[in-house]
Amino acid sequence: MTTEPITWSKATPSGCDACGGHGPEALDEAPETPRERVNRRWNEIMQETRVAQTGVQILFGFLLSVAFTPLFHDLGTFEHAAYVLTVVSGATATACLIAPVSIHRFLSGQRMKDEMVEVAHRLMMCGMLLMAMTIGCTLLLILHVVVPGILAKLLVGGVMAWFALSWYALPLWLRRRSARRAARDG
């Protein structure tokens, strides 16, 4: 890695580019070296991972216990299929969200932090998508038992639309708005 300061190009929007910059305020700060930048990005990913890991692990632990309750065997085929899908998506979300820790352990000291940050970013995005799917499937499983008819599916659809809007559409909209503002001001 080099120790040259990062230069801010007007061609690059100031918005977050896979955690590469954090808006206009980043331009006012002292430039960071590539090493400082990758270390900051790694630390941010680790903090974000801690939050997501906790949530998915609690949910996954709850899901594992459901199969051992007396009422589980009274559920129908739909509920059993929804349960299997929920547990599998929860397990894969857990794997994606814990993988950056394992990657760090295996590659620590190998001077591969740039690669680790990129892979961890992708795993986090995948893990968050799988976590949203796990939450949606859990909600479907519970509401299908509690609320009769199509209302359960409508409620789950509404919640999943909210996840899509708040977790994906809103950040993408903010990124585009920041890029347009940077293009207009630059």
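Located above this text is the structure these notes cover.
Residues numbered from 1 in each chain as written. Predicted model: local features only at pLDDT ≥ 70, side-chain atom pairs only at ≥ 80, totals over all residues. Heavy atoms only, no water.

## A word on a nonpolar patch on the surface
Line of reasoning, step 1. Among the surface-exposed residues, Phe62, Ile142, Val145 and Val146 lie close enough to one another that they form a single nonpolar patch of about 370 Å² accessible area.
Line of reasoning, step 2. Its place among the elements puts Val146 in helix H4 (residues 113-146).
Line of reasoning, step 3. A relative accessible area of 58% means that Val146 is categorised as exposed. (Patch = residues over 30% accessible without salt bridge, like charges linked within 9 Å, V, L, I, M, F, W, Y side chains within 5 Å. Areas by Shrake-Rupley, 256 points an atom, 1.4 Å probe, with all protein chains shown as cover. Salt bridge = Lys/Arg side-chain N within 4 Å of Asp/Glu carboxyl O. Helix = DSSP H or I, 4+ residues; strand = E, 2+ residues; numbered from the N terminus. Buried < 20%, exposed > 50% of the residue type's maximum accessible area, 1.4 Å probe, protein only.)

## Focus on the side chain of Glu79
Line of reasoning, step 1. Take Glu79: it is sitting in helix H3 (residues 77-107).
Line of reasoning, step 2. Of note is the side chain of Glu79, whose polar atom sits 2.7 Å from the side chain of His144.
Line of reasoning, step 3. If we skip the residues at most four places from it in the chain, Glu79 touches Leu141, His144 and Val145. (Polar contact = N/O pair within 3.5 Å; in protein donor to acceptor, adjacent residues only side chain to side chain. Contact = heavy atoms within 4.5 Å.)

## Side note on the pattern of salt bridges
Line of reasoning, step 1. In the structure shown here, the tally under the stated rule is four salt bridges.
Line of reasoning, step 2. In this structure, Glu32 engages Arg40 in a salt bridge whose closest nitrogen and oxygen atoms are separated by 2.7 Å.
Line of reasoning, step 3. Exposure remark for Glu32: the relative accessible area of 16% places this residue in the buried category.
Line of reasoning, step 4. One salt bridge connects Glu118 with Arg122, and the closest N-O pair in it is separated by 3.0 Å. Of the two residues, Glu118 and Arg122 are both situated in helix H4; the distance of four residues between them amounts to about one turn of the helix.
Line of reasoning, step 5. Under the relative-accessibility criterion, Glu118 is labelled partly exposed at 29%.
Line of reasoning, step 6. By relative accessible area, which is 56% here, Arg122 ends up exposed.
Line of reasoning, step 7. Sharing partners across several salt bridges, the network here consists of Glu32, Arg40 and Glu44.

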